[in-house]
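# Observations on the model geometry
The chain contents come next:
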Amino acid sequence: MSAFMASATPILLSTWSFGLRGHAAAWPVLEAGGHAVDAVVDACTAIEADPEVDSVGFGGLPDRDGHVTLDACVMRSPASCGSVCCLRQHLHAARIARDIMDSTPHVMLVGEAADAYADAVGEPREDLLSPAAAKAWESWKRDGTDVDQIRDAGRPVDRGGGQLFDGERRWAGHDTIGTLALDAMGVLAGACSTSGSPWKLPGRVGDSPIVGHGLYVDPDIGAVTATGSGELVMGVCGAMLGVEEMRRGAEPTEALLAVLERIKSSYDLEEKHQVGLIALHRDGRIGSAALRDGFKVGITTVDGDEILDPEHVLFPGESE
Ligand code: ASP
């Protein structure tokens, strides 16, 4: 059982500046005294439907064979989490993950069976491949780029305006909406949703929908979520490692740095690898860190919306 605080100042924290588009949907929930879990799912749901965000939901880039597949995870506590992987026919992966969490004895459903579950709970079927994503896939096929989701994916730069860039061009790659919330009752929740890495091998699942990797929430300690090169996060159980560091008393940003240091010592990192992490302690303290420049964080409190640079960048100043 958790010792929730009797009251708290609500806060929403998301990966990337486009997270604020989700906060516009989610903040009214928190402001009205609603539940953190409703807020984080609403934030992801809004981003999934936004074709301007081309790495989450509709607009996401497809796998090697031209199929968009979606992954998501929702978590209140170790005993209350849900996840869905490789959805091909339903857009609202976070909502479906929440349904799995609340209405089944399971944590994770995958692939065709997950789409069948979504049908059964009344989620509408949708075509996930946007015209822009189809065009990008056609040109990737034509250029015959190597099918290696890590080397192939590049690194996004967030200039703070809700869109990501690759040099002067719009970024066409991977990233994840990860949202953490603390509600007025002092309850934490987190959710994340992604289309994973572009041109991935069919069936590839990254860190985002895996409890403890892309997202972890311990109601007595805090919450962490990740974005970036999922394979780097998966090998170190990144989100759980960050929460465990906070359990040992680390400040939220220090805890995230420990995750990045573990990644640094565990992999041969390439210049284009990026991992962005955010943390929300149950007492409302926040943290943020990234491997490299280019990551941003969206935050909403009673004082309004703000876009923040990460508090710490492990390899600052390397090319954007
Ligand atoms: N971490 C996600 C994945 O590997 C993608 C991203 O956040 O860029 O699926």
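Rules of the game
- Residues numbered from 1 in each chain as written.
- Predicted model: local features only at pLDDT ≥ 70, side-chain atom pairs only at ≥ 80, totals over all residues.
- Heavy atoms only, no water.
- Phe/Tyr/Trp six-rings, centres within 6.5 Å; stacked < 30°, edge-to-face > 60°.
- Helix = DSSP H or I, 4+ residues; strand = E, 2+ residues; numbered from the N terminus.
- Buried < 20%, exposed > 50% of the residue type's maximum accessible area, 1.4 Å probe, protein only.
- Core = buried A, V, L, I, M, F, W, Y, C linked by side-chain atoms within 4.5 Å.
- Contact = heavy atoms within 4.5 Å.
- Disulfide = S-S within 2.5 Å.
- Axes fitted to C-alpha atoms, helices over the stretch in contact; angles between N-to-C directions.
- Left-handed = near helix turned anticlockwise from the far one by under 90°.
- Nonpolar A, V, L, I, M, F, W, Y, C, P; charged D, E, K, R; others polar.
- Pairing = 2+ DSSP bridges.

## With respect to the packing of aromatic side chains
Describing an aromatic ring pair means giving the distance of the ring centres and the angle of the ring planes. Tallied over the entire structure, the rule returns two aromatic pairs. Aromatic side chains Trp16 and Phe295 sit 5.0 Å apart centroid to centroid with 85° between the ring planes, which places their arrangement in the edge-to-face category. With Trp16 in the loop between β1 (11-15) and α1 (19-31) and Phe295 in the loop between β13 (286-292) and β14 (297-301), this pair connects stretches of sequence that are 279 residues apart. Just as Trp16 is buried, Phe295 falls in that class too. With a centroid separation of 5.1 Å and an interplanar angle of 10°, the aromatic rings of Trp140 and Trp199 are classed as stacked. Highlighted residues: Trp140 in helix α5 (residues 131-143) and Trp199 in the loop between β9 (188-194) and β10 (215-218), separated in sequence by 59 residues. Taken as a pair, Trp140 and Trp199 share a single burial class, namely buried.

## A short note on the nonpolar core
In this structure, Val84, Val224, Leu260, Val275 and Leu277 are the most contacted members of the largest nonpolar core, which totals 84 residues. Considering each element in turn, this core owes the most residues, eight residues, to helix α2 (residues 36-48). Apart from residues no more than four positions distant in its own chain, Val224 is found in contact with Leu180, Gly214, Leu215, Tyr216, Ala239, Gly242, Val243, Met246, Leu256, Leu277, Ile278 and Ala279. In this structure, Leu61, Ala133, Trp137 and Trp199 belong to the second largest nonpolar core, which totals five residues.

## Re the state of the cysteines
Evaluated as defined, the whole model comprises zero disulfides. Not part of a disulfide, Cys192 finds its nearest cysteine sulfur in Cys73, a span of 5.2 Å. Judged by its relative accessible area of 0%, Cys192 falls in the buried class.

## Notes on the packing of α1 against α2
When two helices pack together, their arrangement is captured by the angle between the axes and the distance separating the axes. Between α1 and α2, whose axes approach to 7 Å, the crossing angle comes to 150°. Judged by the twist between their axes, the crossing of α1 over α2 is right-handed. Between α1, through Gly19, Arg21, Gly22, Ala25, Ala26, Val29 and Leu30, and α2, the contact on the second element is made entirely by Ala36, Asp38, Ala39, Asp42, Ala43, Ala46 and Ile47. Looking at the contact of α1 with α2, its residues break down into nine nonpolar, two polar and three charged.

## Section: the sheet that holds strand β16 (residues 312-315)
Taken in spatial order, the five strands of this open sheet run β10-β11-β12-β13-β16, and their pairing is mixed. The open sheet is flanked by β10 and β16, the only strands paired with a single partner. Across this sheet, the average inter-strand angle for adjacent strands is 15°, counted without regard to direction. With seven bridges connecting them, strand β11 (residues 222-228) and strand β12 (residues 275-281) associate as antiparallel partners. Within β12, the position partnered with Thr225 by the bridge is Ile278.

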